[in-house]
Amino acid sequence: MLFPIGDDNHDRHTTPIVNYLLIALNIFVFVYWQQLGSNIHFTFAWATVPAEIITGEDIVTGSRIIRDPVTGNAIEMPGLQPTPVSVYLTLFTSMFMHGGIAHIAGNMLFLWIFGDNLENVMGHRKYFFFYLLCGILAGLSHVIGSSYLNQSTLVPSLGASGAISGVLAGYVRLFPRRGVHVWILFGIITLPAIVVVGLWFVFQLINGMGMLGGDEAAGGIAYAAHIGGFVAGLLLVKLFVQKPVVVVQKRKSFW
């Protein structure tokens, strides 16, 4: 796998204030309100539940006992919690919550690398609304996928992945040849964005095919949200760019 660690920012001339704030907000919610992922009651109250979006009604379920397959210990898993606001607002709130440290670390790394370039050409306000719109459309894609692809509509979904997928799509459409520094087994090399992001999207499509067989969230990952966010970003990015994008390419293959 190619693991992005940075990109070419030689033509960026603005400070990506919104991107920094989005990263800070995601981290704050995860640390303070989700308590590093241990506050399941909060998470299950504010995450997106497809059945709630479909019906428009808040759904509360009882806790259940599950058994750890490794230790054999019985664990009480809380059910869906009351949502203090309209359930439709969870399409927004779920974008700032994560399931674990690895989940948020990966998402914030991708947002750090790719978001600043879009904010540079969109401007702060338009980038903010582009990010939110892609995230909401990604959440709706997950709801539709869960409903029509035989997945459980009571499984909560959360994370910034859908919005960040839109950022990746916008990035690769505007800067297809921009160098992205990636770590592979033998070191660090620089590849065009179209290769790096393209391989990532192909991975989403291949793994998302598991949904067609009815696998619940394809092993815990809502690939429909990733794909929906990516398509939304591809289609919408040009509407949010405030000026023509002129990219001066730097001929560099290693970093």
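On a predicted model such as this, the values are computed, not experimentally measured, just so you know. Within each chain, residues carry numbers counting from 1 in the order of the written sequence. Totals for whole chains, interfaces and linings use every residue, but because this is a predicted model, local features are given only for residues with pLDDT of at least 70 and side-chain atom pairs only at 80 or more, for both listing and counting. To get the side-chain values, take all heavy atoms of the structure and skip hydrogens and water.

(A) Representation of the overall build of the protein. Starting at the N terminus, helices and strands are each numbered in turn, a helix being any DSSP run of H or I of at least four residues and a strand any DSSP run of E of at least two. Along the backbone of the protein there are 10 helices and five strands. Here's how the labels work: a residue is buried when its accessible area is under 20% of the maximum for its type, exposed when over 50%, partly exposed in between, all with a 1.4 Å probe on protein chains only. The buried share of the protein, reckoned over its 255 residues, is 46%. Residue pairs at least 24 apart in sequence account for 78% of intrachain contacts in the protein once pairs closer than 6 positions are excluded. Using the Shrake-Rupley algorithm and a 1.4 Å probe, accessible areas are obtained, with residue cover drawn only from the displayed protein chains. For the protein, the accessible surface area stands at approximately 12,900 Å², while carbon and sulfur atoms represent 67% of it. Every residue pair with non-hydrogen atoms within 4.5 Å of one another is taken to be in contact.

(B) A nonpolar patch on the surface, seen in detail. Together, F3, I5, W183 and I188 line one region of the surface with nonpolar side chains, adding up to about 350 Å² of accessible area. Take I5: it is sitting in strand β1 (residues 3-7). On the basis of relative accessible area, I5 is assigned to the partly exposed category, the value being 32%. A patch consists of residues whose relative accessible area exceeds 30% and which take part in no salt bridge; residues with like charges are grouped when within 9 Å of each other, and nonpolar side chains (Val, Leu, Ile, Met, Phe, Trp, Tyr) when within 5 Å. For this analysis, a salt bridge means a side-chain nitrogen from Lys or Arg found within 4 Å of a carboxyl oxygen belonging to Asp or Glu.

(C) Main features of the environment of R125. In this fold, R125 is placed in helix α6 (residues 124-148). Each C-alpha atom of the pair R125 and V18 lies 8.0 Å from the other, and the pair is 107 residues apart in sequence.

(D) Inspection of α6 at higher detail. Between the first and last residue of a helix there are one fewer steps than residues, each counted as 1.5 Å, and that sum is the expected span. Its 25 residues place the ends of α6 37 Å apart at the C-alpha level, agreeing with the 36 Å of an ideal helix rising 1.5 Å per residue. Listing the buried residues of α6 in full gives Y127, F130, Y131, L132, C134, G135, A138, G139, H142, V143, G145 and S146. Here the buried face of α6 lies against α1 (17-33), α3 (50-55), α4 (90-93), α5 (101-122), α7 (161-174) and α10 (223-240).

(E) Broad picture of the side chain of S146. Tracing the backbone shows S146 in helix α6. Judged by its relative accessible area of 1%, S146 is buried. Here S146 is in contact with P50, Q151, S152 and T153, once residues within four sequence places are set aside.

(F) Spotlight on the packing of α1 against α5. At a minimum axis separation of 8 Å, α1 and α5 run at an interaxial angle of 170°. As the angle between them shows, α1 and α5 are arranged roughly antiparallel. Taken as a pair, α1 and α5 cross one another with a handedness that is right-handed. In this structure, α1 uses I17, V18, N19, Y20, L22, I23, N26, I27 and F30 to contact α5, whose residues at the interface are I101, I104, M108, L111, W112, G115, D116 and E119. Helix axes use the C-alpha atoms of the stretch in contact, all axes being lines fitted to C-alpha atoms, and the angles between their N-to-C directions lie in the range 0 to 180 degrees. Put simply, angles under 35 degrees are roughly parallel, angles over 145 are roughly antiparallel, angles from 65 to 115 are roughly perpendicular, and the rest are oblique. Helix crossings are classified by the rotation of the near helix relative to the far one: an anticlockwise turn of less than a right angle makes the crossing left-handed, while a clockwise turn makes it right-handed.

(G) Representation of unusual backbone geometry. Notably, Q35 is not glycine yet its phi reads approximately 50°, a positive angle. By secondary structure assignment, the location of Q35 is in the loop between α1 and α2 (40-46). Judged by its relative accessible area of 43%, Q35 is partly exposed. Although it is not a glycine, L36 sits at a positive phi angle of roughly 60°. Along the chain, L36 turns up in the loop between α1 and α2.

(H) Expanded view of the pattern of salt bridges. Following the criterion strictly, the structure yields two salt bridges and no others. Taking the shortest distance from any N to any O, the salt bridge between R178 and D11 comes out at 2.9 Å. Of this pair, R178 sits in the loop between α7 and β4 (179-184) while D11 is found in the loop between β1 and α1, placing the two residues 167 residues apart along the sequence. The exposure class assigned to R178 is buried, which follows from its relative accessible area of 2%. The residue R12 makes a salt bridge to D116 at a minimum N-O spacing of 2.7 Å. Taken as a pair, R12 in the loop between β1 and α1 and D116 in helix α5 lie far apart in primary sequence, 104 residues in all. For D116, a relative accessible area of 4% gives the class buried.

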